[in-house]
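# Per-entry structural report
Residues per chain are reported as follows:
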Amino acid sequence: MSGIATQDSVPQDLSGELTPPYSKHGSSASRIGDHCANDPPLDPSVKSSGEIVKLAETDIYISKPSDLESQGTCLLLLLTNGVGVNSVANQLQADHFAREGYFVTMPDLFEGDPAPNASTVTSHVESQELLEQIKFKAAEGIKGFMIDMWLARHTPEKTMPIIEKVLAAIKEEYGDKNYTVSLGTYVVGYCFGGKYALRLAATDLIIAGAVAHGTLVSKEDIINIRKPVSFACVENDNFFPDDLREEGQKFLQENNIEHEMRVYEGVPHGFGVYGSYSEEHIKAAQKQVFRQFLDFMSKH
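Residues numbered from 1 in each chain as written. Predicted model: local features only at pLDDT ≥ 70, side-chain atom pairs only at ≥ 80, totals over all residues. Heavy atoms only, no water.

Going by the annotation in an unreviewed UniProt entry, the name recorded for the protein chain is Dienelactone hydrolase, with Morchella conica CCBAS932 given as the source organism.

Here's what the structure looks like:
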């Protein structure tokens, strides 16, 4: 079901050309996967248990551990896929970490503008009859154009300041004032959020991080890592290609940067986010990724 990439599979250097969909600068083609813009299947009876508050002019989903210890706990910053903070699946993912003792904060990275999904594309066509007349390729072009426009609104220059502002506000509200989150900060990023988890791993703002099936990750995002990071990757993932992953791993190994790189086979991009999948191997891999991240963070 899963495996760990080995040194034997790693290319010789990190400076060569990268194959599509990446440019020589390591930038992804301007697309994100359907799993980043749509919720996974969910059992409607399952409900989230946290709350949305507003700090630093940003909506933040907060999920607290049931037994906050008097000496405080660790802060976990959860950076979402394109579906965003109002996704029940993302909220349930935050709740899972809270049950393990983390004080989880999940900010709205998109200021109320989540990624367009299939229903959004349909609403932009005049009628279902007209939609049926459009060839599949043309429909995909509409969706791709909408995703490109959305990504143009949510660049690193726009997203990183939101994260930094929110992180400072959370620490002031729950750290400096009442010491609830006094034991250090960790970050977990899924899909879109994975890129920004890596960017935080290049700073002193966190202790360690984890990334599940990151998208739009560049070569620079990897070579700037300075803090321990755990990667959960999908085999043959167009949104985080094998060559970039292998080149990145070689760099991290040669520069003695603590990391973990696990590759999961036969699962879709986005599988790490909580969902009520019917396929047993996907459900098992989802649990395995969650345990992978918990074990890694507990070591730091």
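## What to know about the nonpolar core
Convention followed: What makes a nonpolar core is a set of buried Ala, Val, Leu, Ile, Met, Phe, Trp, Tyr and Cys residues whose side-chain atoms join them at distances within 4.5 Å. Categorising residues by exposure relies on relative accessible area from a 1.4 Å probe, with only protein chains included: less than 20% of the type maximum marks a residue as buried, more than 50% marks it as exposed, and the intermediate range marks it as partly exposed. Each domain's extent was defined by an automatic or database domain assignment. It only takes one pair of heavy atoms within 4.5 Å for two residues to be counted as in contact.
In terms of nonpolar packing, the biggest core is built from 50 residues, with I225 and F231 touching the most fellow members. Mapped onto the domain boundaries, this core takes at least three residues apiece from domain 1 (51–113 + 158–298) and domain 2 (116–125 + 132–153). Among all residues touching F231, those that are not within four sequence positions of it are L198, V211, I225, F240, L252, E260, M261, R262 and Q292. With 33 residues, the next largest nonpolar core counts V188, V267, V273 and V289 among its residues.

## Quick word on the confidence of the model for the protein chain
Filter applied, for reference: Residue-level confidence of the predictor is summarised by pLDDT, bounded by 0 at the bottom and 100 at the top.
Residues of the protein chain with pLDDT of at least 70 account for 79%, and the chain-wide mean is 83. With pLDDT under 50 throughout, residues 118–127 is counted as low confidence; its partners more than four residues away or in other chains account for 12 contacts.

## Regarding the environment of F231
Stated precisely, the cut-off is as follows: The helix and strand labels rest on DSSP assignments: H or I over at least four residues marks a helix, E over at least two residues marks a strand, and numbering proceeds from the N terminus.
Topologically, F231 is positioned in strand β8 (residues 229–234). The spatial distance from the C-alpha of F231 to the C-alpha of G214 is 8.6 Å, given a sequence separation of 17 residues.

## Considering the pairing of strand β4 (residues 75–79)
Every regular strand shows the same layout, with side chains that alternate between the two sheet faces. Let me state the cut-off plainly: For two strands to be treated as a pair, DSSP must find at least two bridges joining them. Whether a crossover is right-handed comes down to one check: with the strands pointing away from the viewer, does the path from the first strand over the helix to the second run clockwise; if it does, it is right-handed.
Taken across its five residues, β4 has five buried, putting it largely inside the fold. Neither face of β4 is open: one carries L75, L77 and L79, the other L76 and L78, and all of them are buried. In the sheet, β4 pairs with strand β5 (residues 103–107) via three bridges, with the strands oriented parallel. Bridge pairing links L75 to F103 in β5. In this fold, β4 hands off to helix α2 (residues 88–99), which returns the chain to β5; that crossover is right-handed. Pairing analysis gives five bridges linking β4 to strand β6 (residues 185–190), with the strands arranged parallel. Bridge assignment links L78 to a residue of β6, and that residue is V188.

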